[in-house]
Amino acid sequence: MKHSELIKEALLAREKSYSPYSGFRVGAALLASNGMVYQGCNIENSSYTPTNCAERTAFFKAVSEGITDFEVIAIVGGKKDEDLDYCAPCGVCRQVMMEFCDPQKFKIVLAKSEDEYKEYTLEEILPLGFGPKNILNDSIIRK
Ligand SMILES: O=c1ccn([C@H]2C[C@H](O)[C@@H](CO)O2)c(=O)[nH]1
Ligand SMILES: [Zn+2]
């Protein structure tokens, strides 16, 4: 799948953003290894702390459907539809990515539009990351 197609899905996901408090609308589209795409938007809350980012919404939708192998996530965010800036995932979302993705292989695409984007590996945006490999023995099979 082309980055432009995944960005288009992230832009569609952004339209669902529930963000009455910040007005900062974020959309993500997560491509799984089986070809499925999981969209996510940020979901805010009047009590603020329960807020969920777009990236984690996409991951948790997929994992809750039994999907745990991923290739790339596209992210778009900003207050104004016509003037999006690059929106990098927060630390909590980077840590969730670390749980399921190979930091040297998984890609994060930050986009302003379908043809204006920057691409990183998870390792680039989360150096020295802590993950399952630090805890699980080889003998434990992660399901
Ligand atoms: O990468 C990001 C950064 C922020 N947000 C959300 C959280 C909150 O709803 C709003 C402002 O932080 O944007 C995301 O969903 N993803
Ligand atoms: Zn986040």
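Numbers given for residues are sequential positions, taken from 1 along each chain in its written order. Naming scheme: in the order in which they are written, chains are lettered from A and ligands are numbered from 1. The model is predicted, so local features are restricted to residues of pLDDT at least 70 and side-chain atom pairs to those at 80 or more, both for listing and for counting; the totals for chains, interfaces and linings are taken over all residues.

Looking at an unreviewed UniProt entry, one finds the protein named Cytidine deaminase, with Lachnotalea glycerini as its source organism. UniProt positions are given in the numbering used here, feature names are shortened, and annotations may be inferred rather than shown by experiment. Regarding the protein, the relevant UniProt record gives this comment under Cofactor (unreviewed entry): "Zn(2+)". Taken from UniProt, the Function (unreviewed entry) comment for the protein reads in full: "This enzyme scavenges exogenous and endogenous cytidine and 2'-deoxycytidine for UMP synthesis."

J.: Quick question: what am I supposed to make of the UniProt feature "active site" (unreviewed entry) in the protein here?
T.: UniProt tags Glu55 as "active site" (unreviewed entry). The way it works is that DSSP assigns letters per residue, a run of H or I at least four long becomes a helix, a run of E at least two long becomes a strand, and they are numbered from the N terminus. Take glutamate 55: it is sitting in helix H2 (residues 54-64). Partly exposed residues are those whose C-beta has more than 12 but fewer than 20 other C-beta atoms within 10 Å; with 20 or more the residue is buried, with 12 or fewer it is exposed, and the C-beta atoms are placed from the backbone. For glutamate 55, a count of 27 C-beta atoms within 10 Å gives the class buried. Whether two residues are in contact depends on their C-beta atoms, placed from the backbone: they are in contact if these lie within 7 Å. Dropping the residues within four chain positions of it, glutamate 55 is found in contact with Ala28, Gly40, Ile73, Ile75, Pro89 and Cys93.

J.: Looking at this structure, how should I read the UniProt feature "binding site: substrate" (unreviewed entry) in the protein?
T.: The feature "binding site: substrate" (unreviewed entry), as annotated in UniProt, sits at Asn42, Ile43, Glu44, Asn45, Ser46, Ser47 and Tyr48 in this numbering. Its location among the elements puts glutamate 44 in the loop between strand E2 (37-41) and H2. Residue glutamate 44 is classed as partly exposed on the basis of its C-beta count, with 18 C-beta atoms lying within 10 Å. Aside from chain neighbours lying at most four places away, what touches glutamate 44 is Tyr18, Ser19, Pro20, Tyr21, Ser22 and Thr51. For serine 46, the location among the structural elements is in the loop between E2 and H2.

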